[in-house]
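A closer look at the structure
Listed below are the residues making up each chain.
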Amino acid sequence: MADRSRLLTYAYILLYIALSSGQIFFNKWVLSSKEINFPYPLGLTLLHMVFSSVLCFILTKVFKVMEVEDGMTLEIYATSVVPIGAMFAMTLWLGNTAYLYISVAFAQMLKAIMPVAVFVLGVAAGLEVMSCRMLLIMSVISFGVLVASYGEINISWVGVVYQMGGVVGEALRLIFMEILVKRKGLKLNPVSVMYYVSPCSALCLFIPWIFLEKPRMEAHSWNFQPVVLTLNSLCTFALNLSVFLVISHTSALTIRVAGVVKDWVVVLLSALLFADTKLTVINLFGYCIAIAGVAAYNNHKLKKEATRGSSDKSQPAESIPLTASSTSNS
C-alpha cells in the first residue's frame, strides 16, 4: 500500500512537470507568428482567467466536486485577494508578452532571479530577515542570472524588461499571499485560491485589454481557432489542479523542487523545439550557478518551514501554494 501511494505521488509530480512544461510551449506556439499567430498575450491571458473562473464555479457550486473553504470576508477580499489578483494578472500578462521577444529558454533563465525578488520584497515587508547566509545565496543567484544573460546570443532588452516585470509581479503576489496567511490568519487550498483570485484577475486584465489589444484585434484579421484556444485554456486549468494534487499529497516544497526540474526540462527541450533558441556554454554555466543558489534557497526555506511547523501545528506551511507557479507562464 505504501508503494502504491509513493508511485501515485511520483505520478502527480510527473504530471505537474509535464503540464507546466507543456503549457509554456503551448503558449509560445499560440503566440508565435510562425505558428498559430495569435500575438495577443493580454487577450490570451484574459481567456485563461475567464475560463478558470467559469470552471471553478461549475466544479464548486454546480457539481460540487470540489469545496471552497470558508472564512472569506469582504474586508479580506478587498485588502488581500484584490492585490493578489492584480499582481497575478500582471505576472501572466507580462510573462506571456516576453515570449514575443525572447526565447523560452532565456525566459526561464531570467525567472531564476525570482527568489531574489521575493526575498528583497519580503525584507521590505517585514516578512524576511536579512542575514549573511541569505545575502550570499541571493548574490549567487544574481551572479548566475547575469552570466546566463551575458551568454545570450539574441538578447532583446524589451523582452527582458517584460520578463523582469513579470518576476516583480509574481514576487509581489507571493508576498501578498504570505500576508494573507500570516496576518489575516486565512488558510486556503489551491482550489479556493483559484475560485477567489481568477475572477479578480480577469477583471484586472479586461480593463487594459479594452484599450491595448481590442482595437488591434478588430483592425487586423486573424485566424480564430476556438479548438486550439479552448485546449490551451483547459491545459492551464489542469496545471492548477496538478498543483493541488502535488501539494495535497506532498508539500509546497515539493512544488519548488519539481519546478527546478521543470525549468531544466523547458530549457533543454526549447533548444530542440524552437529555432530561436541558441544555447551557449556561458548560458548553461550561468544557469547552473543560479540553480545552485535556488537549491540553497529552497533548502533554507525547508528548514524555516520545518521550524515553524513544529512550533505551530495549527498553521501548516503548505496550507497555501505560496510558491506554486499556477497559471503563469511558468
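For the structure itself, look to the data block above.
Residues numbered from 1 in each chain as written. Predicted model: local features only at pLDDT ≥ 70, side-chain atom pairs only at ≥ 80, totals over all residues. Heavy atoms only, no water.

A word on helix α5 (residues 114–124). Residues Met114, Pro115, Val116, Ala117, Val118, Phe119 and Gly122 constitute the buried set of α5. Positive backbone phi, approximately 80°, marks Gly126, located one or two places after α5. (Buried < 20%, exposed > 50% of the residue type's maximum accessible area, 1.4 Å probe, protein only. Helix = DSSP H or I, 4+ residues; strand = E, 2+ residues; numbered from the N terminus.)

For the rest of this paragraph, the subject is the packing of helix α2 (residues 41–62) against helix α8 (residues 190–212). Interhelical geometry of α2 versus α8 gives an angle of 150° and a closest axis separation of 8 Å. Crossing of α2 over α8 shows left-handed handedness. For the pair α2 and α8, contact is made by Leu42, Gly43, Thr45, Leu46, Met49, Val50, Ser52, Ser53, Cys56, Phe57, Thr60 and Lys61 and by Val191, Met194, Tyr195, Ser198, Pro199, Ser201, Ala202, Leu205, Phe206, Pro208, Trp209 and Leu212, respectively. Partitioning the contact of α2 with α8 into residue classes produces 16 nonpolar, 7 polar and 1 charged. (Axes fitted to C-alpha atoms, helices over the stretch in contact; angles between N-to-C directions. Left-handed = near helix turned anticlockwise from the far one by under 90°. Contact = heavy atoms within 4.5 Å. Nonpolar A, V, L, I, M, F, W, Y, C, P; charged D, E, K, R; others polar.)

With the rule as written, the count across this model stands at 3 salt bridges. Among the salt bridges present, the one from Arg173 reaches Glu170, with a minimum N-O distance of 2.7 Å. Linking Arg173 with Glu170, this pair stays in helix α7 (residues 157–182), spanning 3 residues, or about one helical turn. In this structure, Arg173 and Glu170 share a single accessibility class: buried. Between Lys262 and Asp263 there is a salt bridge whose closest N-O contact spans 3.1 Å. Here the two residues Lys262 and Asp263 agree in accessibility, since each one is buried. (Salt bridge = Lys/Arg side-chain N within 4 Å of Asp/Glu carboxyl O.)

Another point: a nonpolar patch on the surface. Residues Leu203, Phe206, Ile207, Ile210, Phe211 and Leu212 make up a contiguous nonpolar surface patch of about 590 Å² in total accessible area. Its location among the elements puts Ile210 in helix α8. (Patch = residues over 30% accessible without salt bridge, like charges linked within 9 Å, V, L, I, M, F, W, Y side chains within 5 Å. Areas by Shrake-Rupley, 256 points an atom, 1.4 Å probe, with all protein chains shown as cover.)

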